[in-house]
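The residues making up each chain are set out below.
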Amino acid sequence: MEFKVQSLLYPDNEICNVQQLYYRCSDEINFINGKVSADLFGKDSTTISFDTYFNSFSIGKWIKFTNITNVIIRMKTLGKGVIRVYKSKLELDEVNKSLVRDIYFESNHETVLSIDLDLDDFTFKDTIHFEIKFANKKSYARELGYWVKINSSDVNSISLALASCTYKKERYINKTLSLIDKHVISANPEYNIKSYIVDNGGTLDYDICKKYQRVTLIKSDNLGASGGFSRALYCALTNDDNYVVSLDDDILLNPHSINLLYNFLRCMKQQYTDYAIAGAMLVYDKQYLQHDAGAYIEKNRLYGIHSNLDLRSYYNCLMNSVSEYHDKTFNGFWFCCYPVNQLKIKGLAYPFFMKGDDVELGIRIFNKRMITLNGISTWHESFYKKFTPVYSNIYELRNLLIIYSTQFEDYSAFDACKLFLKRAFRELMFYRYDGAILNCKAVELFLEGSNGISNINNSQIVSDNQIYKLKDASSLVYDFSYADYKKSIGLKKEPFYKRLVRGLTFNGNLLPSFLLKKSVIVPTVTASFRSVFGYKSIIHYSFDEDKAYITKNSKKDFFKAAFKVLIKAYSLFIKYKSIRKDFKSNFSSLTSIDAWERKFKQSDRN
């Protein structure tokens with residue numbers, strides 16, 4: 001049998017209008033009523049190429065992971081021109097591109113043009129694309145796409161669930177549901193796809209959400225991201241869906257990724273059906289920039305795979321298509337497809353409340369069994385914009401200590417203290433003395449063991465530890481300019497003597513007050529130590545929100561916080577071994593389906 005697995009996409013103001021992610025052409029291209037044509041402006045011909053992130057085809061991965069027997073490039077054409085098909089791969093860090101087929105067309109009426117490709121002509125590293133050369137202004141092509149042939153017996157029956165949890169992000173959720181309704185359900189009514197939305201905040205307008213097709217809404221207590229996503233994944237599990245995709249509540253969804261994913265799952269070989277399909281995270285306000293396409297952890301370190309790639313470059317698209325295999329691999333909740341049978345076997349998320357739940361769930365379930373595919377992605381706000389001290393300084397640190405200590409057999413008390421001290425002293429370097437105290441709180445929570453995870457009052461933790469609240473920049477008494485802000489980002493190379501002084505004075509914390517300048521303005525998240533050295537006050541400024549908070553040099557607060565950090569590090573070192581044993585022995589009881597069922601029933605009663 002034959003069916004289309006990937007339609008050609010065009011720039012879209014509703015989703016993404018970055019031309020180089022869709023096509024390349026030196027002339028003006030028209031996309032009217034699904035037709036692709038060109039304004040020749042007196043030229044004899046023009047060429048449009050689809051060697052792009054969204055419109056190339058990762059044929060090597062389709063060959064390896066699926067049961068397809070042929071690939072067909074198909075479209076309807078009118079007029080005169082030529083279609084050229086190319087295969088490309090990276091070899092010795094260069095693009096190796098070669099012509100596979102070229103087909104001429106000439107007709108005064110619309111005809112179907114099909115180009116059959118023999119899979120024996122390709123390797124796992126190959127990606128294909130095609131270009132169209134239009135020879136006159138009457139020429140056009142429409143309904144362009146990649147089709148596959150596959151034996152009917154090899155087609156998988158797919159029931160795909162889209163799972164989100166939200167906390168007061170109605171605007172994003174409504175947009176996501178609208179895109180799914182328009183570009184997935186209505187465009188492909190035969191696809192067995194549905195959505196589960198868990199409302200942690202109790203603010204969704206159910207009347208609005210119910211106008212969309214195949215949506216189930218679940219009210220819940222605020223169990224955090226781990227509880228909300230576990231509830232949504234649990235819905236897929238109890239409704240006999242065989243795959244479920246986690247979608248963050250603050251993304252701009254690429255709905256065409258859902259269609260591509262669904263078709264890939266339909267064709268997958270049996271030996272790969274327990275693999276994850278990881279959707280790449282692209283940056284919301286730089287839609288061509290990839291944050292990463294999956295990630296992995298090592299001791300006290302997290303690494304993004306194919307991070308910071310500009311996907312307007314075809315070289316980077318080919319680089320992105322190269323598979324990397326690492327131990328402890330995972331993907332973020334922003335877009336990750338989980339096989340439901342693996343959730344049944346290995347359980348749901350660890351009840352972290354916030355931060356690290358997708359990391360732990362991913363490495364527990366997948367390890368090296370994860371696939372990425374160009375075109376399967378979504379856009380998400382950069383993490384550098386998110387300023388949440390209580391989550392980063394308490395939950396993130398506590399959860400990383402749990403993850404590292406349970407996932408690495410050789411993770412020692414020394415490793416745990418190193419992580420804690422590094423993060424706490426980073427806070428001290430920016431005069432964020434209260435932030436270092438929050439890091440101590442994270443260690444206290446870690447040392448409570450698995451019983452503390454079960455009995456913690458997360459709402460109380462969040463409400464009691466709100467520090468460094470961003471205020472409108474105009475309300476601050478300090479004077480600062482955007483020029484000063486940019487100056488703090490582009491610093492010149494620092495001489496050795498200054499680095500030495502910074503180190504000996506703990507980045508200026510111990511400098512005499514008369515040597516300190518008045519104030520400096522720096523980014524809230526990405527500032528460097530040296531950008532704040534030698535100032536009495538630091539203005540931590542969020543340019544996107546035009547908000548800021550201020551921290552001040554205080555030797556008294558420095559010594560007080562530093563002393564508490566050292567005492568807490570000693571306590572962590574002494575108690576680490578027994579606490580680690582406790583977390584490991586009680587791990588499955590906290591992640592089991594039965595444990596989460598009890599939480600959900602309690603939430604429903606409240």
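All figures in this text were calculated on a predicted structure; none of them were measured in a lab.

A. Highlighting the overall build of the chain. Each helix and strand counted, the chain has 18 helices and 27 strands in total. Taking 25 Å as the expected radius of gyration for a compact globule of 606 residues, we find that the chain reaches 27 Å, a close match to that expectation. Projected onto the principal axes, the alpha-carbon positions of the chain cover approximately 85 × 55 × 50 Å. Of the contacts formed within the chain by residues at least 6 apart in sequence, a portion of 77% connects residues at least 24 apart. By element, 49% of the accessible surface of the chain is carried by carbon and sulfur atoms, the whole surface being about 26500 Å².

B. Summary view of the sheet that holds strand β25 (residues 517–523). In spatial order, the strands read β24-β27-β26-β25; together these four strands make up an open sheet with mixed pairing. Since the sheet does not close on itself, it has two edges, and those belong to β24 (471–472) and β25, each with one partner. Strand direction decides the pairing type here: β24 and strand β27 (residues 547–552), joined by two bridges, are antiparallel. If you follow D472 over to β27, its bridge partner there is K547.

C. Region of interest: empty space enclosed by the protein. Taken as a whole and assessed by the stated rule, the structure comprises four cavities of 30 Å³ or more. Its volume calculated, the largest cavity comes out at about 140 Å³. Contributing to the lining of the largest cavity are 15 residues, with I305, S323, E324, M370 and T372 lying nearest its centre. Breaking the lining of the largest cavity down by element, the ones donating at least two residues are α1 (59–65) and β22 (370–371).

D. A look at the packing of aromatic side chains. Per the counting criterion, the structure on display carries 35 aromatic pairs. Here the basic side chain of K64 rests over the ring of F124, its NZ or CZ set 4.7 Å away from the ring centre. Just above the ring of Y288 sits the side chain of R312; from NZ or CZ to the centre is 3.6 Å.

E. Highlighting the nonpolar core. Counting 87 residues, the largest nonpolar core has F130, I132, L144 and L160 as its most contacted members. Of all the elements, helix α5 (residues 255–267) adds the most residues to this core, at seven residues. For I132, the residues in contact, after removing those within four places along its chain, are T46, T47, I48, F50, M75, V82, I83, F105, A141 and L144. Formed by 50 residues, the second largest nonpolar core is a distinct cluster that contains I297, Y433, V443 and L447.

F. The arrangement of the layout of surface pockets in detail. Reported here for the second largest pocket is a volume of approximately 720 Å³. Of all the secondary structure elements, the ones that give two or more residues to the lining of the second largest pocket are β1 (2–7), β2 (29–32), β8 (140–149) and α5. The greatest single-element share of the lining of the second largest pocket, amounting to six residues, is contributed by α5.

G. Expanded view of a nonpolar patch on the surface. There is a patch of nonpolar side chains on the surface, built from F414, Y570, F573 and I574 and spanning about 500 Å² of accessible area. By secondary structure assignment, the location of I574 is in helix α16 (residues 555–585). Given a relative accessible area of 52%, I574 falls into the exposed group.

H. Just the pattern of salt bridges, in detail. Taken as a whole and assessed by the stated rule, the structure comprises 21 salt bridges. Across the salt bridge formed by K299 and D410, the nearest N and O atoms sit 3.7 Å from each other. Of the two residues, K299 is situated in the loop between β17 (295–298) and β18 (301–304) and D410 in the loop between α9 (389–407) and α10 (413–429); the sequence distance between them amounts to 111 residues. Of the residues examined, K299 reaches a relative accessible area of 33% and is grouped as partly exposed. Judged by its relative accessible area of 51%, D410 is exposed. Between E444 and K568 there is a salt bridge whose closest N-O contact spans 3.1 Å.

I. Seen up close, helix α2 (residues 170–185). Listed as buried for α2 are Y172, I173, N174, T176, L177, L179, I180, D181, H183, V184 and I185. Check the buried side of α2 and you find it contacts β9 (160–166), β10 (193–199), α3 (206–209), β11 (215–219), β13 (251–253) and α5.

J. A look at the sheet that holds strand β16 (residues 286–292). Taken together, the five strands give an open sheet; going across it, the order is β13-β23-β15-β16-β19, and neighbouring strands pair in mixed fashion. The outermost strands of the open sheet, each flanked by one partner alone, are β13 and β19 (309–310). Summarising the sheet, β13 and strand β23 (residues 377–380) pair through three bridges and their orientation is antiparallel. Across the sheet, the residue bridging to L253 is T378, located in β23.

K. A look at unusual backbone geometry. Even without being glycine, D93 reaches a positive phi, approximately 65°. Residue D93 is classed as exposed on the basis of its relative accessible area of 54%.

L. Layout of the pairing of strand β12 (residues 243–246). Residues Y243 and V245 of β12 are buried on one face, and the alternating residues V244 and S246, pointing to the opposite face, are buried as well. The pairing of β9 with β12 spans four bridges and is classified as parallel. Among the inter-strand pairings, A161 is bridged to a residue of β12, identified as V244. The pairing of β12 with strand β21 (residues 336–339) spans four bridges and is classified as antiparallel.

M. Expanded view of the pairing of β23. Side-chain alternation along β23 places S377 and W379 on one buried face and T378 and H380 on a second face that is also buried. Examined bridge by bridge, strand β15 (residues 280–283) and β23 share four bridges and lie parallel to one another. Across the sheet, the residue bridging to V283 is H380, located in β23.

N. Main features of the side chain of D292. Positionally, D292 belongs in strand β16. Summary of buried charges: D292 has no salt-bridge partner, and the nearest side chain of opposite charge, K355, is 13 Å away. At 3.4 Å, the side chain of D292 and the backbone nitrogen of G294 are in polar contact. The contact partners of D292, leaving out residues within four places of it in the chain, are A280, M281, G304, I305, H306, S307, N331 and W334.

O. The arrangement of the side chain of E427 in detail. Tracing the sequence through the fold places E427 in helix α10. With residues up to four places along the chain from it excluded, the contact list for E427 reads N393, R432, G435, A436 and N439.

P. Quick look at the packing of α9 against α10. Remark: α9 packs on α10, axes separated minimally by 10 Å, with the N-to-C direction vectors making an angle of 165°. Taken together, the axes of α9 and α10 lie roughly antiparallel to each other. Relative to α10, α9 is oriented so that their crossing is right-handed. Within the contact between the two elements, α9 uses S392, N393, E396, L397, L400, L401 and Y404 and α10 uses A416, L419, F420, R423 and E427.

Analysis parameters
- Residues numbered from 1 in each chain as written.
- Predicted model: local features only at pLDDT ≥ 70, side-chain atom pairs only at ≥ 80, totals over all residues.
- Heavy atoms only, no water.
- Helix = DSSP H or I, 4+ residues; strand = E, 2+ residues; numbered from the N terminus.
- Rg over C-alpha atoms; globule rule 2.2 N^0.38 Å.
- Contact = heavy atoms within 4.5 Å.
- Areas by Shrake-Rupley, 256 points an atom, 1.4 Å probe, with all protein chains shown as cover.
- Pairing = 2+ DSSP bridges.
- 1 Å grid on protein atoms, 1.4 Å probe; cavity = no way out; pocket = protein on both sides within 12 Å on 5 of 7 lines; lining within 4 Å.
- Points joined across faces, edges and corners; volume = space filled by probe spheres on them.
- Phe/Tyr/Trp six-rings, centres within 6.5 Å; stacked < 30°, edge-to-face > 60°.
- Lys NZ or Arg CZ within 6 Å of the ring centre and 35° of its normal.
- Core = buried A, V, L, I, M, F, W, Y, C linked by side-chain atoms within 4.5 Å.
- Buried < 20%, exposed > 50% of the residue type's maximum accessible area, 1.4 Å probe, protein only.
- Patch = residues over 30% accessible without salt bridge, like charges linked within 9 Å, V, L, I, M, F, W, Y side chains within 5 Å.
- Salt bridge = Lys/Arg side-chain N within 4 Å of Asp/Glu carboxyl O.
- Lys, Arg positive; Asp, Glu negative; His and termini not counted.
- Polar contact = N/O pair within 3.5 Å; in protein donor to acceptor, adjacent residues only side chain to side chain.
- Axes fitted to C-alpha atoms, helices over the stretch in contact; angles between N-to-C directions.
- Parallel < 35°, antiparallel > 145°, perpendicular 65-115°, else oblique.
- Left-handed = near helix turned anticlockwise from the far one by under 90°.

In short, the description is geometric, and any link to function would need to be established separately.
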